[in-house]
Amino acid sequence: LSREVLEDGRVYISDYIFEKALMYAQSWLEPAVLEKYESVYAQQKQKAATPVLIIYIGDTTEHCMERIHLRNRKYEQGIETGFLKHQQIWYNSFCENWKACPLIQITAQQCRTDRQVRKLADEIRYYLPNN
C-alpha cells in the first residue's frame, strides 16, 4: 500500500485498507503495547496510498458466523459472535466518518443477483481512471 511502490495510472484492487490494522490492534493489544503500536501506525499511515474508492459489503453477524462454519478453517472456528459484533460497530463507525475518498456501502443481500452485481460494477467503473 506504499505510495512509493504503486504505479500511477494502474488500478489496484485489495480487500484491505490500512485502517483495518488499527481496528485489530485496538481489539487485541494491551494498553501499553497499543500505545507503542499507535505511534508506529501513525508514521506508517503517512506512507500508505489513499484509496480512490472503498466498497464496504456488510452482512449480519449470523450470516458471517454461518460462512465461518461452512469454510471450516481451523483458525477461524474460535471466532465468537461478540467479536463480529464489535467489528460491525467499528466498520459502521468507519463508514460514517470516512471522508478521504468515495465509499460505496451495501449489504451482502444487495450483490447476489447478476443485475445487482452489474449495478455495483457500473458504480465502481464511475470512479476508475479514464472512465
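The structure under discussion appears in the preceding block.
Residues numbered from 1 in each chain as written. Predicted model: local features only at pLDDT ≥ 70, side-chain atom pairs only at ≥ 80, totals over all residues. Heavy atoms only, no water.

### Considerations on the overall build of the protein chain
Across its full length, the protein chain carries 5 helices and 2 strands. Each helix (α) and strand (β) of the protein chain, taken in turn from the N terminus, gives the series α-α-β-α-α-β-α. Its C-alpha atoms put the protein chain at 45 × 40 × 25 Å along the principal axes. Split into buried and exposed, the 131 residues of the protein chain put 24% on the buried side. For the protein chain, restricting intrachain contacts to residue pairs at least 6 apart in sequence, the fraction spanning at least 24 positions comes to 64%. Positive and negative side-chain charges in the protein chain, numbering 17 and 17 respectively, have mean positions lying 4 Å apart. (Helix = DSSP H or I, 4+ residues; strand = E, 2+ residues; numbered from the N terminus. Buried < 20%, exposed > 50% of the residue type's maximum accessible area, 1.4 Å probe, protein only. Contact = heavy atoms within 4.5 Å. Lys, Arg positive; Asp, Glu negative; His and termini not counted. Charge placed at Lys NZ, Arg CZ, Asp CG, Glu CD.)

### With respect to a nonpolar patch on the surface
Taken together, the side chains of Val52, Tyr126 and Tyr127 present a nonpolar region at the surface, about 340 Å² in accessible area. Looking at where Val52 falls in the secondary structure, it is placed in the loop between helix H2 (31-45) and strand S1 (54-58). Val52 gets classed as exposed once you look at its relative accessible area, which sits at 54%. (Patch = residues over 30% accessible without salt bridge, like charges linked within 9 Å, V, L, I, M, F, W, Y side chains within 5 Å. Areas by Shrake-Rupley, 256 points an atom, 1.4 Å probe, with all protein chains shown as cover. Salt bridge = Lys/Arg side-chain N within 4 Å of Asp/Glu carboxyl O.)

### Comments concerning the pairing of strand S2 (residues 103-107)
A one-sided burial pattern is seen for S2, the buried positions being Ile104 and Ile106 and the unburied ones Leu103, Gln105 and Thr107. When S1 meets S2, the two strands line up parallel, connected through 5 bridges. By the bridge assignment for S2, Ile54 is matched with Leu103. (Pairing = 2+ DSSP bridges.)

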